[in-house]
Amino acid sequence: MGNRLIGYGSYLPSRIMTNQDFERIMDTTDEWITTRTGIRERRFARDDESVFDMATIAATRALENANLTIDDIDLVIVSSVTAELDFPSVAVQVMGRLGAKNNAPAFDVRGACTGYIYGLHCARAFFAAGIHRRIMIIGAEKMTRFIDMTDRSTAVLFGDGAGALIFEHSSSSYSGIIDTVIMSDGGEYECLHGTPDSKIVMNGPETYKKAVQCMPDAARYIMEHAGITAENVDWIIPHQANLRIINSCAERLSFPMDKILVTVDRHANTSSASGVLALAYAFDNGMIKPGQLVLYPAFGSGLTWGAALIRV
Ligand SMILES: CC(C)(COP(=O)(O)OP(=O)(O)OC[C@H]1O[C@@H](n2cnc3c(N)ncnc32)[C@H](O)[C@@H]1OP(=O)(O)O)[C@@H](O)C(=O)NCCC(=O)NCCS
């Protein structure tokens, strides 16, 4: 049993934080940030704006886009590692805020920047098993909750936002989420992690080395498994952490840069929301056309990594 994409939605907080804004509050420069990361600006949520608020807006927009109500969805999966409440899940809170009456299940996955791929992997398995008809997967992150403004090497890298996709079961097995692979290596935990007092700790160079190895590996695995080559793929949406990482992955995979969707310059790293925010941006700007094949590799804290192949 296959599936197809029937709706998308996204949300970015209105406050734009530019590199120049960082220059005013810490010892950094626009030149350092753009040359090392490709990031020019990012969105910062308001203090009173939660992961749950952002997830709910993205979900509402995806439902509007699909012309559905929440009661038409029979599973909601939210990917987030920055939710303010440990329980209940963000997913059930979104269901509650949207007034769901259908008692459909809802749960969160925590795969850090790879979290959205973890959500897609669950959705693919549920469709394959014929268990659910319509699944909404939301990636929502408030990375500013974890930003340590005294650490210039991490503070400039992250932003906030949320995105949602809705998939519906379909008799074609070659549409929607075609394939996924997810992996982890807890032995590399120290590369990048949060602390109990909500700070980000990162070994930048080590994380960089792992990212440029793991994302191409996952992308290659998916292409081999699906029996396709780089020529068959219309767009790559890599996890948006750093332009240098994206360029290096493209080079290792022999993908031309005009097939690589880049939004890290405007969104920075929004963890598990990054790929879905990039996809929504591409739809909104007419870049990606329905029917095109999208490869989405990701990498993050854990370490976790993986990739998804989606026909949009
Ligand atoms: C963080 C990262 C951009 C640093 O780049 P880099 O090329 O390793 O850094 P460089 O070696 O060129 O520079 C390090 C120097 O810049 C300084 N520096 C760090 N952040 C800075 C900033 N925002 N502004 C100015 N200088 C900064 C450091 O203090 C260090 O100075 P020192 O040599 O005097 O100690 C890079 O390691 C990286 O992208 N890592 C992966 C991060 C990531 O994407 N994580 C998320 C994965 S999901």
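Fair warning: this is a prediction, and the values are worked out from it, not measured in the lab. For every chain, the first residue of the written sequence is number 1, and numbering continues from 1 along that sequence. The predicted origin of the model limits local features to residues at a pLDDT of at least 70 and limits the giving and counting of side-chain atom pairs to 80 or more, whereas totals for whole chains, interfaces and linings rest on all residues.

Considerations on the overall build of the protein
Move 1: Only DSSP runs of H or I with at least four residues qualify as helices, and only runs of E with at least two residues qualify as strands; both kinds are numbered from the N terminus onward. When helices and strands are tallied, the protein shows 10 helices and 13 strands.
Move 2: Only the C-alpha atoms count toward the radius of gyration. The rule for a globule is 2.2 Å times the residue count to the power 0.38. For 312 residues, the compact-globule formula gives about 20 Å, and the C-alpha radius of gyration of the protein, at 18 Å, lands near that figure.
Move 3: Projected onto its principal axes, the C-alpha positions of the protein cover 55 × 45 × 40 Å.
Move 4: Within the protein, the proportion of its 312 residues that are buried is 53%. Remark: C-beta atoms are placed from the backbone, and a residue is labelled buried if 20 or more other C-beta atoms sit within 10 Å of its own, exposed if 12 or fewer do, or partly exposed between those counts.

Here's the deal with the site of the ligand
Move 1: Near the ligand lie 23 residues; those nearest to it are Thr 28, Ser 153, Gly 204, Tyr 208 and Ala 241.
Move 2: Those elements that place two or more of their residues in the shell around the ligand are helix 2 (30–37), helix 6 (152–155), helix 7 (204–226) and strand 12 (293–300).
Move 3: In terms of residue count, the dominant contributor to the shell around the ligand is helix 7 (five residues).
Move 4: Classes in brief: Ala, Val, Leu, Ile, Met, Phe, Trp, Tyr, Cys and Pro nonpolar; Asp, Glu, Lys and Arg charged; the others, Gly included, polar. Of the residues in the shell around the ligand, the class split is 13 nonpolar, eight polar and two charged.
Move 5: These domain boundaries are the output of an automatic or database domain assignment. Residues from two domains meet in the shell around the ligand; each of domain 1 (2–170) and domain 2 (176–311) gives at least three. Working rule for contacts: place C-beta from the backbone, and if it is within 6 Å of a molecule or strand, that residue counts as near it.

Section: the sheet that holds strand 6 (residues 134–142)
Move 1: Within the open sheet, the five strands sit side by side as 1-7-6-4-5. Their pairing is mixed. Single-partner strands in this sheet number two, and they are strand 1 (2–11) and strand 5 (106–109). Strand-to-strand twist of the sheet, defined as the mean angle between neighbouring strand axes without regard to direction, takes the value 20°.
Move 2: Two strands are said to pair when DSSP picks up at least two bridges between them. As defined by bridge partners, strand 4 (residues 75–79) adjoins strand 5 across four bridges and the pair is classed as parallel. When the sheet's bridge partners are listed, Val 78 is paired in strand 5 with Asp 108.
Move 3: For the purpose of contact definition, each residue receives a C-beta atom placed from its backbone, and two residues are in contact when these atoms lie within 7 Å. As a rule, the C-alpha atoms of each element are fitted with a line to give its axis, helices using only the stretch in contact, and angles between N-to-C directions run from 0 to 180 degrees. Along the sheet face, helix 3 (residues 51–66) touches strand 1, strand 4, strand 6 and strand 7 (160–170) and points at about 125° away from the line of strand 1.

Concerning the domain arrangement of the protein
Move 1: Taken domain by domain, the protein consists of domain 1 (2–170) and domain 2 (176–311).
Move 2: Counting residues at the interface gives 50 residues for domain 1 and 44 residues for domain 2.
Move 3: Every element with two or more residues in the side of domain 1 that touches domain 2 is listed here: strand 1, strand 3 (41–44), helix 5 (115–128), strand 6, helix 6 and strand 7.

Here we look at the environment of Ala 155
Move 1: Along the chain, Ala 155 falls in helix 6.
Move 2: By the C-beta count within 10 Å, which is 17 here, Ala 155 ends up partly exposed.
Move 3: With 69 residues separating them in the primary sequence, Ala 155 and Asp 86 have C-alpha atoms 24 Å apart.
Move 4: Aside from chain neighbours lying at most four places away, what touches Ala 155 is Met 26, Ile 147, Asp 148 and Met 149.

Here's the deal with the packing of helix 3 against helix 4 (residues 90–97)
Move 1: Contact geometry for helix 3 and helix 4: axes closest at 9 Å, N-to-C directions at 60°. As the angle between them shows, helix 3 and helix 4 are arranged oblique. Crossing hand, helix 3 versus helix 4: right-handed. Across the interface between the two elements, Val 51, Phe 52, Ala 55, Thr 56 and Ala 59 from helix 3 touch Val 90, Gln 93, Val 94 and Arg 97 from helix 4.
Move 2: Classifying every residue of the contact of helix 3 with helix 4 gives six nonpolar, two polar and one charged. To sort the angles, those under 35 degrees are grouped as roughly parallel, those over 145 as roughly antiparallel, those from 65 to 115 as roughly perpendicular, and the leftovers as oblique. A crossing counts as left-handed when the near helix is turned anticlockwise from the far one by less than a right angle, and as right-handed when that turn is clockwise.

Considering the sheet that holds strand 12
Move 1: Ordered by their spatial adjacency, four strands build an open sheet running 8-13-12-11, and the pairing between neighbours is mixed. Edge strands, defined here as strands with exactly one partner in the open sheet, are strand 8 (176–184) and strand 11 (235–236).
Move 2: In the sheet, strand 8 pairs with strand 13 (residues 304–311) via eight bridges, with the strands oriented antiparallel. Looking at strand 13, one finds that Val 181 is bridged to Ala 307.
Move 3: Against the sheet, helix 5 touches strand 8, strand 12 and strand 13, its axis set at about 125° to strand 8.

Comments concerning the environment of Ile 245
Move 1: Mapping Ile 245 onto the fold places it in helix 8 (residues 243–252).
Move 2: Between the C-alpha atom of Ile 245 and that of Gly 38, which follows or precedes it by 207 residues, the distance is 9.8 Å.

Details of unusual backbone geometry
Trans peptide bonds make up most of the peptide bonds, and negative phi angles are found at most residues other than glycine.
Move 1: Omega for the bond connecting Phe 87 with Pro 88 falls within 30 degrees of zero, at -5°, which places this linkage in the cis form.
Move 2: Counting through the fold element by element, Pro 88 comes out in the loop between strand 4 and helix 4.
Move 3: In this chain, Gly 302 is followed by Leu 303 through a cis amide linkage whose omega measures 0°.
Move 4: With respect to the element layout, Leu 303 can be found in the loop between strand 12 and strand 13.
Move 5: One non-glycine residue, Asn 67, lies in the positive phi region at around 60°.
Move 6: Take Asn 67: it is sitting in the loop between helix 3 and strand 4.
Move 7: Under the C-beta neighbour-count criterion, Asn 67 is labelled exposed, with 9 such atoms within 10 Å.
Move 8: Positive phi values are uncommon outside glycine, yet Asn 103 reaches one of about 55°.
Move 9: Inspection of the secondary structure puts Asn 103 in the loop between helix 4 and strand 5.

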